[in-house]
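Residues per chain, in single letters:
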Amino acid sequence: MPDDMVDAHIRGVRNALAAGWRVLAGGGSALDAVEEAVVIMEDDETFDAGRGSFLNRDGRVQLDSLIMEGSTLRAGGVGCVEHLRNPVRAARKILSASPHVYFVGEGAEKFAAQHGIPLCQNEDLVIPREVERLREYQKQHPDKMADMFAPPSSDDVTISHDTVGAVALDGKGNIAAATSTGGTLNKAPGRLGDSSLIGCGCYADNLSAAASTTGWGEPIMKLVLAKWTADRVAAGNLPEWSAQEAMNYLKQRVNGHGGIIVLDPEGRLGIAHNTPRMAWAYKTTQKEDAGVERNASP
Ligand code: ASP
């Protein structure tokens with residue numbers, strides 16, 4: 001995250017926090033709260049989700065999202081959708097209105113349209129900043145196979161990850177998580193990352209924890225990192241430690257970079273990243289905070 005984007009990120013996560021909190025304060029569910037928080041960030045061009053996402057190799061926006069409810073383990077996911085402004089809304093519809101869990105591409109868009117979610121043009125999701133970013137990237141990396149998350153040196157932590165995610169605990173003691181992304185810059189069309197895969201980029205189970213991850217998706221999915229972290233919480237570790245351990249594991253095992261937010265049904269929270277920065281915000285009945293660096297406990 002470059003210096004000149006820090007304020008926009010903090011504003012963005014604070015707006016998302018406010019939207020999620022409004023739901024919870026009104027007696028709403030954790031599931032509704034994470035959906036509303038993620039919608040705000042999808043609508044905010046600062047982030048790699050919804051409009052303003054990174055472009056794939058063909059200059060198109062291709063989006064993935066997952067939402068999961070900890071009390072029932074119901075989940076809904078969409079992958080590689082190109083005509084939805086808010087993929088998390090479609091994911092939520094799948095969770096609540098379909099016997100299936102995951103739809104991709106045209107089938108996902110058809111399902112969304114049939115359930116009252118309007119489709120848009122792919123061009124509506126593309127912004128000039130990203131056209132320029134892709135052009136620059138392709139100029140510097142004429143090798144068509146390169147993508148932003150597999151840099152020549154995977155120790156290059158200056159690469160950016162801008163997926164959005166939210167975790168929440170409601171008044172009934174239920175937790176939920178949601179994640180949404182445009183994926184990686186210059187990705188191959190049809191490439192799916194970790195974000196919308198259950199247990200990789202997102203997970204929620206009242207018996208363990210809710211978690212959402214960001215970062216280089218291929219390493220994260222190999223470790224099924226969100227579930228790995230939730231399992232550590234279930235085994236008795238605090239979310240703040242589990243989040244940090246997840247980042248250590250990601251680096252040590254597969255040389256990956258990213259970040260994670262974790263919340264257990266007791267309201268204990270973990271935020272960690274092994275990139276220089278990750279925007280985060282949280283609110284409890286006692287406390288509220290936001291920032292772009294987090295390596296200590298909340
Ligand atoms: N995890 C996402 C992906 O690989 C990217 C990100 O977090 O920014 O698709």
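Within the secondary structure layout, glutamate 130 lies in helix H5 (residues 128–140). Beyond its immediate stretch of four places on either side in the chain, glutamate 130 contacts Gly52, Ser53, Phe54 and Leu55.

Close to the ligand lie 14 residues, the nearest being Thr163, Arg191, Asp194, Thr214 and Gly215. Arginine 191 is positioned such that a nitrogen or oxygen atom in its side chain is 2.8 Å from an oxygen atom of the ligand. Taking threonine 214, its side chain carries an N or O atom lying 2.7 Å from an oxygen atom of the ligand. For the ligand, whose unbound accessible area comes to 270 Å², protein coverage reaches 100%.

What follows is about the pairing of strand S11 (residues 288–291). Examined bridge by bridge, strand S10 (residues 280–283) and S11 share four bridges and lie antiparallel to one another. Counterpart to lysine 283 in the pairing with S11 is glutamate 288.

Under the definition given, this model contains 18 salt bridges. Among the ionic pairs, arginine 92 bridges to aspartate 32, the shortest N-O distance being 2.5 Å. Separated by 60 residues along the polypeptide, arginine 92 in helix H3 (residues 87–97) and aspartate 32 in helix H2 (residues 30–43) bring together distant segments of the chain. Relative accessible area serves as the criterion here: at 17%, arginine 92 is assigned to the buried category. Aspartate 32 gets classed as partly exposed once you look at its relative accessible area, which sits at 28%. Each of Asp32, Glu35, Glu36, Arg89 and Arg92 takes part in salt bridges that share partners, so that together they form one network.

Geometrically, a packed helix pair is captured by the angle between its two axes and the distance between the axes. Following both chains from N to C, one finds H2 and H3 inclined at 155 degrees, their axes separated by 8 Å at the closest point. Taken as axis vectors, H2 and H3 run roughly antiparallel relative to one another. Of the residues in H3, those in contact with Leu31, Asp32, Glu35, Glu36, Val38, Val39 and Glu42 of H2 are Pro87, Val88, Arg89, Arg92 and Leu95. Here the residues of the contact of H2 with H3 sort into six nonpolar, no polar and six charged.

Looking now at the sheet that holds strand S7 (residues 210–215). Strand pairs in the sheet, formed through backbone hydrogen bonds, run parallel or antiparallel to each other. Read across the open sheet, the four strands follow the order S6-S7-S8-S9; overall the sheet is antiparallel. With partners counted over all chains shown, the strands left at the sheet margins are strand S6 (202–204) and strand S9 (269–273), one partner each. Looking at each pair of strands side by side, their axes are set apart by 5 degrees on average, direction ignored. As paired elements, S6 and S7 share three bridges and run antiparallel to each other. By the bridge assignment for S7, alanine 204 is matched with alanine 210. Packed onto the sheet, helix H7 (residues 225–234) meets S6, S7 and strand S8 (258–263) and runs at close to 30 degrees relative to S6. The sheet strands contacting helix H8 (residues 239–254) are S8 and S9, and the helix crosses S9 at an angle near 25 degrees.

Within the structure shown, the criterion is met by three aromatic pairs. When the ring of tryptophan 228 is compared with that of tyrosine 249, the centres are 4.3 Å apart and the planes differ by 15 degrees; the resulting orientation is stacked. In this pair, tryptophan 228 sits in helix H7 while tyrosine 249 sits in helix H8, placing the two residues 21 residues apart along the sequence. Between tryptophan 280 and tyrosine 282 the ring centres are 6.0 Å apart and the planes differ by 15 degrees, which places this aromatic pair in the stacked class. Here tryptophan 280 falls in the buried class, since its relative accessible area comes to 5%. It is arginine 294 that lies over the ring of tryptophan 280; its NZ or CZ is 4.3 Å from the centre.

Conventions adopted
Residues numbered from 1 in each chain as written. Predicted model: local features only at pLDDT ≥ 70, side-chain atom pairs only at ≥ 80, totals over all residues. Heavy atoms only, no water. Helix = DSSP H or I, 4+ residues; strand = E, 2+ residues; numbered from the N terminus. Contact = heavy atoms within 4.5 Å. Near = heavy atom within 4 Å. Polar contact = N/O pair within 3.5 Å; in protein donor to acceptor, adjacent residues only side chain to side chain. Areas by Shrake-Rupley, 256 points an atom, 1.4 Å probe, with all protein chains shown as cover. Pairing = 2+ DSSP bridges. Salt bridge = Lys/Arg side-chain N within 4 Å of Asp/Glu carboxyl O. Buried < 20%, exposed > 50% of the residue type's maximum accessible area, 1.4 Å probe, protein only. Axes fitted to C-alpha atoms, helices over the stretch in contact; angles between N-to-C directions. Parallel < 35°, antiparallel > 145°, perpendicular 65-115°, else oblique. Nonpolar A, V, L, I, M, F, W, Y, C, P; charged D, E, K, R; others polar. Phe/Tyr/Trp six-rings, centres within 6.5 Å; stacked < 30°, edge-to-face > 60°. Lys NZ or Arg CZ within 6 Å of the ring centre and 35° of its normal.

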